[in-house]
Amino acid sequence: MCGIIGYVGSRPALPILVEGLRRLEYRGYDSAGVALIDDNLCVTKAAGRLSVLEQVLDLNAPQTAGIGHTRWATHGAPTDVNAHPHTDSSGKIAVIHNGIIENDRALRTYLEREGVTFKSETDTEVLAQLIGMLYDGDLEQAVRKALREVSGTYGIGVLCSDEPNVIVAARKGSPLIIGVGKGEHLLASDAAAILAHTTQVVYVGDGEIARITPDELRMTTLDAIPVAKDVEQIEWSLEEIELAGYDHFMIKEIFEQPEVLENCLRGRLDLKENAIRLGGLVDCTRELTRAKRIILTGCGTAWHAALVGEYLFEELVRIPTEVEYASEFRYRNPVIDDGTVVIAVSQSGETADTHAALAEAKQRGALTLGAVNVVGSTIARETDAGVYLHVGPEIGVASTKAFTGQVAVLAMIACFLGRRKHLSPSAAADFIAALSAVPKQIKQILDTADEAKKVAQQYTDRENWLYLGRGYNYPVALEGALKLKEISYIHAEGLPAAEMKHGPIALIHEGMPVVVIATAGSQYDKIINNMMQVRSRGGSVIAIATEGDREIAKQADHVLYVPNTLEPLQPLLTVIPLQLIAYHAAVIRGCNVDKPRNLAKSVTVE
Ligand code: F6R
């Protein structure tokens, strides 16, 4: 989605803006632009990649204040004119904006009646023109007045040539942080954009306006009431957001999984006491153990992790658990009674639908928890309690280590609550021991990553794939199919294996790749039957099986092995070969792995 960067200080702003925009590229965009300011405003923007913009920029520009933006088109096509920054008619004011102004039609009509002529089709220009109309010598005040007229979501940065060295920023529903440096301040929608300059940040809250100059940061509410803010430390390092010799972030993040899962589990698995320690849940443990129902919500990959969570909670905690697409939950009339706990699962902590579902749940009185990766993100801040994934920044658009982090966190919450309900000490001990072995087991799978590459090489010319799984591996089948389709553009469907005979079996034809997760467990015989059904219709079976299974090769065209673990923890292992197949298929097909077409890393609009 769109990205924001801003700088006021004593250094030339442009290289800092361009570098920041480069670090935001992973979020997805289709045009980019910058505005620099001294006595005049100088705006440059271009449709297409950042490199197109760079060709028309004077990289030696001396100005020490400016804003930059990567746009992901919503209102109007990705053209030069529609790219941000947008200016008002006087040419003094420039605005960059993430989010959507929902009453832009009405405001546009009003402004046109007042004589404003629009250059672009965007909702952002409406905001720029409105600020311009309300400006009478005080930029902050004009922004404040304009935002009172606006409905929708925004994270904005605004410049005015009458007030060089000032950026006014504001936020409602779209993340913004202020980086605090020595004699300089930065503005960004994502920490990755400013990490090279500072790790000290102030989070802009919803309904807050920030006015930054090189030496001062002033925060107020929309009603001009001063807000005291703490400066916080970002834990992520620059190295974590760089490729470190890998060809793509996706493969780097797949290979990081052993290490980042160690980080996720560290200090939380107590192998001596056979206990789970979750500091984030201490304050609500009593309320949680009394919960009568759990609703897990999220989108995409996070929703798949939540599905694994449903199985885990029902088995370990014995509490009725449901999983809801956040986008459906927010618009239904969900029943939230006393004792309902809603857990929002999200890598970014900024997904608009998940955030809205959470707000709905809170309004109806649910206790809300977050299983979130990005520290300080909106969902993390707005939930009553939660457990961070601690898997480090995920830059590749296709979620990989966040999925395993989400499953690991849900597994820990399930075991933590299970021990306070029906889970016996010995069952918990087995579970904790098995979970602590997972990082090394993932490493073992990655050591044989070439096997998955061979499968990808053999089948990437096939346009339709099926993924089948049962029980805990059904969500993994969905996740494997999602990974393949989103980065290689091959059509793939994931199914609970038994559903195949109720319709999708009609699709199977000679040579169609069918990935079957057939690990040891309670439904092993049944899944072998499903494999036979596929093969007898000419399908090619790629099985994911447990090491030591000597029989399975007779029923499959290819077998990729994973180490043995408890059934509830299998998704943490079985997903790895599927991530690898998807990655290699995309590379072989020449796709842009880290920035697949039409996709954004963090979906902050509906
Ligand atoms: C798929 C993918 C998406 C996200 C979804 C939710 O690889 O990355 O499906 O999982 O957009 O994002 P978060 O977890 O940030 O809420």
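Residues numbered from 1 in each chain as written. Predicted model: local features only at pLDDT ≥ 70, side-chain atom pairs only at ≥ 80, totals over all residues. Heavy atoms only, no water.

*Asks:* Tell me what's going on with the packing of helix α7 (residues 257–265) against helix α13 (residues 401–419), and back it up with residues and numbers.
*Replies:* In contact at an axis separation of 10 Å, α7 and α13 are set at 30° when each is read in the N-to-C sense. The orientation of α7 with respect to α13, classified from their angle, is roughly parallel. Where α7 crosses over α13, the handedness of that crossing is right-handed. Across the interface between the two elements, Gln257, Val260, Leu261, Cys264 and Leu265 of α7 pack against Lys401, Thr404, Gly405, Ala408, Val409 and Met412 of α13. When the residues that make up the contact of α7 with α13 are grouped by side-chain class, the tally is seven nonpolar, three polar and one charged. (Axes fitted to C-alpha atoms, helices over the stretch in contact; angles between N-to-C directions. Helix = DSSP H or I, 4+ residues; strand = E, 2+ residues; numbered from the N terminus. Parallel < 35°, antiparallel > 145°, perpendicular 65-115°, else oblique. Left-handed = near helix turned anticlockwise from the far one by under 90°. Contact = heavy atoms within 4.5 Å. Nonpolar A, V, L, I, M, F, W, Y, C, P; charged D, E, K, R; others polar.)

*Asks:* Give a description of the sheet that holds strand β25 (residues 540–546) that names residues and reports values.
*Replies:* On the basis of which strands lie adjacent, the open sheet formed by five strands has the order β23-β22-β24-β25-β26 and parallel pairing. Of all strands in the sheet, those with a lone pairing partner are β23 (491–496) and β26 (558–562), marking the two edges. Adjacent strand axes in the sheet meet at a mean angle of 20° when their direction is disregarded. Here three bridges tie strand β22 (residues 464–469) to strand β24 (residues 513–517), and the two strands are oriented parallel to one another. Bridge pairing in β24 places Tyr467 opposite Val515. Strands in contact with helix α16 (residues 474–488) are β22, β23 and β24; relative to β23, the strand with the most contacts, it is inclined by about 175°. (Pairing = 2+ DSSP bridges.)

*Asks:* Can you break down the site of the ligand residue by residue, with the values?
*Replies:* Around the ligand, the surrounding shell holds 15 residues, and the nearest of these are Ser346, Gln347, Ser348, Thr351 and Glu486. Contact between the ligand and Thr351: an oxygen atom at 2.5 Å from a side-chain N or O atom of the residue. Backbone polar atom of Val397 to an oxygen atom of the ligand: 3.3 Å apart, as the coordinates give it. Coverage of the ligand by the protein amounts to 91% of the 410 Å² it exposes when considered alone. Contributing elements (two or more residues each) for the shell around the ligand: α9 (300–317) and α16. Taken together, the residues of the shell around the ligand break down into five nonpolar, eight polar and two charged. (Near = heavy atom within 4 Å. Polar contact = N/O pair within 3.5 Å; in protein donor to acceptor, adjacent residues only side chain to side chain. Areas by Shrake-Rupley, 256 points an atom, 1.4 Å probe, with all protein chains shown as cover.)

*Asks:* Could you give an account of the pairing of strand β6 (residues 93–98), naming the residues involved and the relevant values?
*Replies:* A large share of β6 lies buried, amounting to six of its six residues. Direction of pairing for strand β5 (residues 86–87) relative to β6: antiparallel, over a ladder of two bridges. Opposite Thr87, over in β6, you have Ala94 as the bridge partner. Taken together, β5 and the strand that follows it, β6, pair antiparallel across an intervening segment of five residues, in which Gly91 is found at a positive phi of about 75°. Pairing analysis gives six bridges linking β6 to strand β7 (residues 154–160), with the strands arranged antiparallel. Paired with Asn98 across the strands is Gly155, a residue of β7. (Buried < 20%, exposed > 50% of the residue type's maximum accessible area, 1.4 Å probe, protein only.)

*Asks:* I'd like a description of the nonpolar core, backed by residues and values.
*Replies:* By size, the foremost hydrophobic cluster in this structure holds 99 residues, and its most contacted members are Leu281, Phe313, Leu435, Trp465 and Tyr467. The leading source of residues in this core is α13, at 13 residues. Counting residues domain by domain, this core receives three or more from each of domain 2 (244–446) and domain 3 (448–599). Not counting residues within four places of it along the chain, the set of residues in contact with Phe313 comprises Ile294, Leu296, Arg318, Ile319, Thr321, Ile343, Leu410, Ile413, Ala414 and Leu417. If you look at the next biggest cluster of nonpolar residues, it comprises 34 residues, including Tyr7, Leu14, Ala193 and Val201. (Core = buried A, V, L, I, M, F, W, Y, C linked by side-chain atoms within 4.5 Å. Domains from an automatic or database assignment.)

*Asks:* Can you break down a nonpolar patch on the surface residue by residue, with the values?
*Replies:* Together, Leu243, Tyr246 and Phe255 make up an exposed nonpolar region whose accessible area comes to about 220 Å². Within the fold, Phe255 resides in helix α6 (residues 249–255). (Patch = residues over 30% accessible without salt bridge, like charges linked within 9 Å, V, L, I, M, F, W, Y side chains within 5 Å. Salt bridge = Lys/Arg side-chain N within 4 Å of Asp/Glu carboxyl O.)

*Asks:* Can you break down the domain arrangement of the chain residue by residue, with the values?
*Replies:* Split into domains, the chain comes out as domain 1 (3–234), domain 2 (244–446) and domain 3 (448–599). Using only C-alpha atoms to locate each centre, domain 1 and domain 2 end up separated by 34 Å. The interface is formed by six residues belonging to domain 1 together with nine residues belonging to domain 2. Taking both sides of the interface into account, the surface hidden between domain 1 and domain 2 amounts to around 650 Å²; carbon and sulfur atoms contribute 49%. (Buried area = accessible area lost by both parts, 1.4 Å probe.)

*Asks:* Give a detailed account of the sheet that holds strand β13 (residues 217–221), specifying residues and quantitative values.
*Replies:* Taken in spatial order, the six strands line up as β5-β6-β7-β8-β12-β13 in an open sheet, and their pairing is antiparallel. Every interior strand has two partners, whereas the edge strands, β5 and β13, have only one. The pairing of β7 with strand β8 (residues 167–172) spans five bridges and is classified as antiparallel. Counted as the bridge partner of Gly157 is Ala169 from β8. Running at roughly 140° to β6, helix α4 (residues 123–134) makes contact with β5, β6 and β7 of the sheet. The sheet strands contacting helix α5 (residues 139–148) are β6, β7, β8, β12 (208–212) and β13, and the helix crosses β7 at an angle near 145°.

*Asks:* Explain unusual backbone geometry to me, and be specific about the residues and the numbers.
*Replies:* In this chain, His84 is followed by Pro85 through a cis amide linkage whose omega measures 0°. If you check the backbone angles, Asn274 has positive phi at about 50° while not being a glycine. One can find Asn274 in the loop between β15 (269–270) and β16 (275–276). Judged by relative accessible area, which is 29%, Asn274 ranks as partly exposed. Unlike most non-glycine residues, His390 shows phi in positive territory, near 55°. Among the secondary structure elements, His390 is positioned in the loop between β21 (385–388) and α13. Judged by its relative accessible area of 30%, His390 is partly exposed.

*Asks:* An account of the pattern of salt bridges is needed here, citing residue identities and associated values.
*Replies:* If you walk through the whole model with that rule in mind, you get 29 salt bridges. Taking the shortest distance from any N to any O, the salt bridge between Lys92 and Asp162 comes out at 3.1 Å. Here the residue Lys92 occupies a position in the loop between β5 and β6, and Asp162 occupies one in the loop between β7 and β8, the gap between them amounting to 70 residues. Overall, the relative accessible area of 32% leaves Lys92 in the partly exposed class. The salt bridge partner of Lys554 is Glu551, with a shortest N-O separation of 2.7 Å. What makes Glu551 partly exposed here is its relative accessible area of 48%. Three or more residues joined by partner-sharing salt bridges are found here, namely Arg22, Glu25, Arg49 and Glu54.

*Asks:* Now, about the packing of aromatic side chains: what can you tell me, with residues and values included?
*Replies:* One pass over the full model with this rule turns up five aromatic pairs. When the ring of Trp465 is compared with that of Tyr467, the centres are 6.3 Å apart and the planes differ by 15°; the resulting orientation is stacked. Residues Trp465 and Tyr467 agree in their burial class; the two are buried. Taken together, Tyr459, Trp465 and Tyr467 form an aromatic cluster joined through their ring pairs. The ring of Phe118 is capped by Arg108, whose NZ or CZ atom sits 4.3 Å from the centre of that ring. Looking at Arg597, its charged tip hangs above the ring of Tyr489, at a distance of 3.8 Å from the centre. (Phe/Tyr/Trp six-rings, centres within 6.5 Å; stacked < 30°, edge-to-face > 60°. Lys NZ or Arg CZ within 6 Å of the ring centre and 35° of its normal.)

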